Amino acid sequence: MTAAPSAEPGRSEPGGGKPRPRAVAILTGVALVALLADLVTKHLALAALTDREPVRLLGGLVYLSLTRNSGAAWSIGSDHTWIFPLITIGVVGWIVWMALRLRSLPWAISLGLVLGGALGNLVDRIFRAPSPFHGHVVDMISLFDPYGQVWPVFNLADSSLVCGVLLAVLLELTGRQRDGRRAGRDGEPTDADSAESTADQRERA
């Protein structure tokens, strides 16, 4: 019997291979920074904006207006607050699963932003009033209007989520894959990715 042919040097099977430690570290670091920034700004907003009129900035482009939101954007689903923590826990679990095969640094940044934003709002849902898993999210940034009439009042966690999702869409459109490869028009890895994979192998050798 003959042995099965080995994979072409410098290329890995789709979705295969161990996670790249640097990518996992970047994902974790970005998520922690996003989470801490969200927690700090919410604490400052509660301390400075409670029982205060909205603060006008940049000629009315931005207002600091403290609100507590039981739902999603525009208070969608405000009567079913409990479902949002469950969705967030599912998203966090998916990102952890993705990290087990993550080798792309741009994807690490994208997933880190999503993870940090998701955790920031999850903390509110679990620990803030009125009760666990029914907590209201603290929002404080309003665009063009002091009371969110033009755009929903949001926080840094929301911004992190949106930026992470937009980056993920961009990476998908440009063919960048989470295992570090870049798909060409036919879906196959490009020569540049093969070279990068070979360099990674030499690094580990």
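Just so you know, these numbers come straight off a predicted model, no measurement behind them. (Residues numbered from 1 in each chain as written. Predicted model: local features only at pLDDT ≥ 70, side-chain atom pairs only at ≥ 80, totals over all residues. Heavy atoms only, no water.)

### Quick word on the environment of leucine 66
Here leucine 66 lies in strand 2 (residues 62-69). Considering only alpha carbons, one finds leucine 66 and valine 55, 11 residues apart in sequence, at a separation of 9.6 Å. Leucine 66 has contacts with Ala45, Leu46, Leu49, Thr50, Val138, Asp139 and Met140, leaving out every residue within four places of it along the chain. (Helix = DSSP H or I, 4+ residues; strand = E, 2+ residues; numbered from the N terminus. Contact = heavy atoms within 4.5 Å.)

### Overview of the sheet that holds strand 2
Taken in spatial order, the 3 strands line up as 1-2-3 in an open sheet, and their pairing is antiparallel. Because the sheet does not close on itself, it has two edges, and the strands there are strand 1 (55-57) and strand 3 (137-143). Mean inter-strand twist for the sheet, computed between neighbouring axes without regard to direction, equals 35°. Sheet topology note: the strand 1/strand 2 ladder contains 3 bridges and is antiparallel. The partner of valine 55 across the bridge, within strand 2, is leucine 64. (Pairing = 2+ DSSP bridges. Axes fitted to C-alpha atoms, helices over the stretch in contact; angles between N-to-C directions.)

### A few points about the pattern of salt bridges
All told, the structure shown has 5 salt bridges when counted by the stated rule. A cluster of three or more residues bridged by salt bridges with shared partners is formed by Asp38, Lys42, Asp124 and Arg128. (Salt bridge = Lys/Arg side-chain N within 4 Å of Asp/Glu carboxyl O.)

### Remarks on the nonpolar core
Proteins that are soluble and globular tend to have nonpolar side chains buried together. Residues Leu27, Ile95, Leu102, Trp107, Leu111 and Leu115 are the most contacted members of the largest nonpolar core, which totals 17 residues. Looking at this core, the elements that each hand over two or more residues are helix 1 (21-49), helix 2 (83-99), helix 3 (105-127) and helix 4 (156-173). Top contributing element to this core by residue count: helix 3, with 7 residues. What leucine 102 contacts, discounting residues up to four positions off in sequence, is Pro19, Arg20, Ala23, Leu27, Trp107, Ala108, Leu111 and Arg178. Counting 8 residues, the second largest nonpolar core, distinct from the first, contains Leu49, Val55, Val138 and Met140. (Core = buried A, V, L, I, M, F, W, Y, C linked by side-chain atoms within 4.5 Å. Buried < 20%, exposed > 50% of the residue type's maximum accessible area, 1.4 Å probe, protein only.)

### With respect to the confidence of the model for the protein chain
With 77% of its residues at a pLDDT of 70 or more, the protein chain has an overall mean of 84. Mean pLDDT across the elements of the protein chain bottoms out in helix 5 (residues 191-204) (50) and peaks in helix 1 (97). For residues 4-15, every residue scores under 50 in pLDDT, and the model assigns this stretch 15 contacts once sequence neighbours within four places are set aside. Counting interchain partners and residues more than four positions distant, the pLDDT-below-50 stretch residues 191-195 has 6 contacts. (pLDDT = per-residue confidence, 0-100.)

### Some thoughts on a nonpolar patch on the surface
A grouping of Leu57, Leu58, Leu61, Phe144, Val150 and Trp151 is seen on the molecular surface, where their side chains present a nonpolar patch of about 610 Å² in accessible area. Tracing the backbone shows leucine 57 in strand 1. (Patch = residues over 30% accessible without salt bridge, like charges linked within 9 Å, V, L, I, M, F, W, Y side chains within 5 Å. Areas by Shrake-Rupley, 256 points an atom, 1.4 Å probe, with all protein chains shown as cover.)

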